[in-house]
Amino acid sequence: MTSQPLAIKNGRVIDPAQDLDRTCDVLLEDGRVAAVGPGLGLGTEGRQVVDAAGLWVLPGLIDAHVHLREPGHEYKEDLASGLAAAAAGGFTAVLAMPNTSPPVDQAGLVASLLSKAKGLRGARLLQSAAMTRGLRGQELTEYAELREAGAVAVTDDGRWVADSAVMRRVLCYARVCGLAALSHAQEGPLSDGGQIHEGRVSTRLGLRGIPAEAEAVAVYRDLALARLTGAPVHVCHVSSALSLDLVRRFKAGGTRVTCETAPHYLFLTDEDVAGYDTCRKMNPPLRTAADLEALREGIRDGTIDLVATDHAPHSVLEKEVEFMDAAFGVIGLETALPLIHGLMAELSLPPSRLVELMSLRPAGLLGLPLGTLRPGSAADLTLFDPQAAFKYDVGTSLSKSRNSPFQGREMRGRVVRTVVGGRTVFAAGAGDRG
Amino acid sequence: MAHEHLSWPKDLIDLDQFGAEHLLAILDAAESFREVSEREIKKVPTLRGKLVVLFFHENSTRTRLSFEVAAKRLSADTIALSASGSSMSKGETLLDTARNIMAMNPDALVVRHSASGAPQFLGSRLACPVLNAGDGAHAHPTQALLDLMTIRQRLGRLDGLKVAIIGDIAHSRVARSNMIGLRALGARVAVCGPPSMMVGGLEEEYGASVHDRPEPALEGADAIIMLRIQLERQSGQLFPGAREYASVYGLNRARLALAKPGCLLLHPGPVNQGVELTPEVYDCPQSVILEQVTNGVAVRMALLYLLVDNSERKGPARAA
């Protein structure tokens, strides 16, 4: 795809991979970063010049955990709406989970999704495939062929591979095939029928609880298998202090483990569900204030490698119902960046940490040469205005669904422009132009 | 009446909506409505021309009957919808049901539902008052109020009393609402149940003292609320067996003797005789189980009066 060369002038370029945080220019050409540096005035002829004064210029954000619902549940989201919403949130690439209908457990489906996404305007589609056939936790899918077709990760997200012998083989095969192994770590019987975190609030609301231990038991098993096999494992959406502590200990012991958390676990607790708001029902559930603080500490000390949204669109058919019948999950693509931006300020962390959490580390997890603006890299970048304050209105979302837990929240920092492969795929206030 | 300076919420969801003043005002109103039930003509025109919809998504005989009698004694018209007889059994969602009920322009909706939070869901979407007649394991505010009324009637007060609640605390909306109401009116609550039927957070959330065995909970109690055991849970892992339950947690004469002399015995009914209570305890003079039923009508009359009259004063209802 051809694109007009872009010159992004006088922005604050924040690229921890190059140890760079200064005001300078970025030149994009033929879908790649041509140059980064101050005063690149020459050679801007024939380029579209973007004045980025006062803006942050970030390597394009990568979300390692989204549900785009295609195929099978296109009434909730599809590739077009999901990738557009991602771009509006500053993401230049998103990893789609395979728990669709049918699940993405065959190479042909991976190839067809990737091919369809190429024609769409928005973030790049990265595809994960099922760890096991039909997400049933029994037989491995064909990892080498899935990789060949373009998959970058395997996961049975939504379910935990309960059989430890199967999971052992999963980790070994995924390593050899160059696929990241992502685990939805939650033990079944301890959490079955649970609605929210097990604690005071579940008692008060008369809802069955999901104890933090249901996560920790599963996390421990996964970490132990990573230790046994020497193969890496990535723990998805860590929600509790106990699980995080396990990850911290195994990391210190040299086990190859990475983990993510989601913005909602860093900003909301089970007390926020006290009005039976189904837009705050997700799995794993929102936990206590102590868990939230522990996760924030994990962001500070680096135990948490990355932030991923777990964007999980659901329609009113799944959410405007009795709490116990409501589907788990919330949308998050368009709120993650301003929230994490706010978190960096609260924790007195530099913006380069945000880039690590939301771009560099996700790229590393998935083995992609993204997450940096080093010359020669893909021209994927996010222009961000850190000053713009706004009140979030989910009605403006480009997602097909409206199940945000952050409706009406005051936030600071807006995406001004999202560029993928040198092409502008989102521009604030530009409607459908681009 | 004493309640006239108080403002009332649109819906009755749980007793945590109220402080002591409101709770006592409800009990006082219920006392005056109880008198109506003792007249020869047991009817007042208070809600004449009003429509009260009784929506019972979960089976209930007593509570439904009690609300129906209460509404009729206030001269309201009632219609009853049950899940099996309504289009809910044909796959209609709760939201659709709510919209259809709304289209009938009722003056109050009484709802019993197996899902915790369902009355709140309906209350936020319907313009008329919604009265919770029991939702999941969450709340059963009218049951708790009739328990409070019964204890106050017999003992003259609630402040400073010790009340023991024994049984399946985890799944009990009756226990939860009672713990809230009793605490608000100054009573101490001691709870006990099999470990598989207990939940965490009872001390912090409700200020209750929690006991593994019934004896310390019963010791010195002024009133005992025995909860109904769902015998159908026996097949699961929650409940080893009715015989064992009766021997460890059931109320017999020996255990009753641990409580204060004249200690009241309450049960939300229906009683599994021989399980929660031995038959001689059920029939003992301290048993106020049938008074609870009588008071239930009075409490429900009071609430229908207070909430329907309240929405009246605020003007015609609008759809949310």
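Note that the structure is predicted; figures quoted are calculated from it, not measured.

Student: I tried to follow the overall build of chain A on my own but got confused; where do I start?
Tutor: The number of helices and strands found in chain A is 13 helices and 18 strands. For 434 residues, the compact-globule formula gives about 22 Å, and the C-alpha radius of gyration of chain A, at 21 Å, lands near that figure. If you line up chain A on its principal axes, its C-alpha atoms span 65 × 45 × 45 Å. In chain A, buried positions account for 58% of the 434 residues. Across chain A, contacts joining residues at least 24 apart in sequence account for 75% of those joining residues at least 6 apart.

Student: How should the overall build of chain B be read in this particular structure?
Tutor: Within chain B, the secondary structure is distributed over 12 helices and nine strands. Its C-alpha atoms give chain B a radius of gyration of 19 Å, within 12% of the compact-globule value 20 Å for 320 residues. Its C-alpha atoms give chain B principal-axis dimensions of roughly 55 × 45 × 40 Å. Residues counted as buried form 48% of the 320 residues belonging to chain B. Contacts in chain B between residues at least 24 apart in sequence constitute 75% of all its contacts with a sequence separation of at least 6.

Student: Explanation requested: the sheet that holds strand β6 (residues 188-192) of chain B in the structure shown.
Tutor: Residue and element names in this part refer to chain B. Within the open sheet, the five strands sit side by side as β7-β6-β5-β8-β9. Their pairing is parallel. The sheet is open, and its two borders are formed by β7 (209-211) and β9 (264-266), each paired with just one other strand. Direction aside, neighbouring strands of the sheet carry axes that sit 20° apart on average. Two strands pair when backbone bridges link them, and strand β5 (residues 162-166) and β6 are joined in this way by five bridges, in the parallel orientation. Across the sheet, I165 pairs through a bridge with V191, a residue of β6. This element, helix α5 (residues 141-155), spans β8 (223-226) and β9 of the sheet and lies at about 165° to β9.

Student: Sorry if this is basic, but what is going on with the interface of chain A and chain B here?
Tutor: Much of the literature gives interface size as the accessible area that the parts lose upon coming together. If you look at the interface, chain A gives 14 residues, while chain B gives 20 residues. Residue composition of the side of chain A that touches chain B, grouped by class: six nonpolar, three polar and five charged.

Student: Could you clarify how one ought to interpret the nonpolar core in this entry?
Tutor: Note on soluble globular proteins: their nonpolar side chains tend to be buried together. All names here are of chain B. Core analysis: the largest hydrophobic core is formed by 240 residues, its most contacted members being L109, I224, A302 and L304. With 11 residues, helix α12 (residues 289-313) is the largest single contributor of residues to this core. Every residue in contact with L109, bar those within four places of it in the chain, is listed here: V53, F55, I101, L122, L126, C128 and V130.

Student: I'm lost on the environment of P261(B) in this one. Help?
Tutor: Checked against the element boundaries, P261(B) lands in the loop between α10 (253-256) and β9. A count of 6 C-beta atoms within 10 Å places P261(B) in the exposed class.

Student: Please clarify how the domain arrangement of chain A should be interpreted in this entry.
Tutor: Residues and elements named next belong to chain A. Each domain of chain A was delimited in the assignment, giving domain 1 (6-57 + 377-427) and domain 2 (61-365). When each unit is reduced to the centre of its C-alpha atoms, the spacing between domain 1 and domain 2 is 25 Å. Taken together, the contact between domain 1 and domain 2 spans 29 residues of the former and 41 residues of the latter. Of all elements in the fold, only β1 (6-15), β16 (381-391), β17 (410-420) and β18 (423-427) reach the threshold of two or more residues within the side of domain 1 that touches domain 2.

Student: Explain the pairing of strand β1 (residues 51-56) of chain B here, please?
Tutor: For a regular strand, side-chain orientation follows a simple rule: the groups alternate between the two sheet faces. Residues and elements named next belong to chain B. Among the six residues that make up β1, five are buried, leaving the element largely enclosed by the rest of the structure. Bridge count between β1 and strand β2 (residues 77-82): six bridges; the pairing is parallel. Bridging from a neighbouring strand, F56 pairs with S82 of β2. Of the crossover connections in this fold, the one passing from β1 over helix α2 (residues 62-73) to the parallel β2 is right-handed. Summarising the sheet, β1 and strand β3 (residues 108-113) pair through five bridges and their orientation is parallel. Its bridge partner lying in β3, L54 is registered against V110.

Student: Looking at this structure, how should I read helix α13 (residues 351-365) of chain A?
Tutor: For an α-helix, 3.6 residues make a turn, and residues three or four places apart therefore share a direction. All names here are of chain A. An ideal rise of 1.5 Å per residue puts 21 Å on 15 residues; α13 measures up with 20 Å between its terminal C-alpha atoms. By the largest-angle criterion, L357 marks the main kink of α13, which is about 40°. A large share of α13 lies buried, amounting to 11 of its 15 residues. Taken together, the buried positions of α13 are L354, V355, E356, L357, M358, S359, L360, R361, P362, A363 and L365. Positive backbone phi, approximately 65°, marks G367, located one or two places after α13.

Student: Just checking my understanding: could you explain the domain arrangement of chain B for this structure?
Tutor: All names here are of chain B. Per the domain assignment, the segments of chain B are domain 1 (2-139 + 293-313) and domain 2 (141-292). Between domain 1 and domain 2, the C-alpha centre-to-centre distance is 25 Å. Of all elements in the fold, only α1 (20-37), β4 (130-135) and α12 reach the threshold of two or more residues within the side of domain 1 that touches domain 2. Per element, the largest residue contribution to the side of domain 1 that touches domain 2 is seven residues, and it comes from α12. Residues of the side of domain 1 that touches domain 2, tallied by class, amount to 13 nonpolar, eight polar and five charged.

Parameters at a glance
Residues numbered from 1 in each chain as written. Chains lettered and ligands numbered in written order. Predicted model: local features only at pLDDT ≥ 70, side-chain atom pairs only at ≥ 80, totals over all residues. Helix = DSSP H or I, 4+ residues; strand = E, 2+ residues; numbered from the N terminus. Rg over C-alpha atoms; globule rule 2.2 N^0.38 Å. Buried ≥ 20, exposed ≤ 12 C-beta atoms within 10 Å, placed from the backbone. Contact = placed C-beta atoms within 7 Å. Pairing = 2+ DSSP bridges. Axes fitted to C-alpha atoms, helices over the stretch in contact; angles between N-to-C directions. Nonpolar A, V, L, I, M, F, W, Y, C, P; charged D, E, K, R; others polar. Core = buried A, V, L, I, M, F, W, Y, C linked by C-beta atoms within 7 Å. Domains from an automatic or database assignment. Right-handed = clockwise from strand over helix to strand, strands pointing away. Expected span 1.5 Å × (residues − 1). Bend = angle between axes of the 7 residues up to and from the residue.

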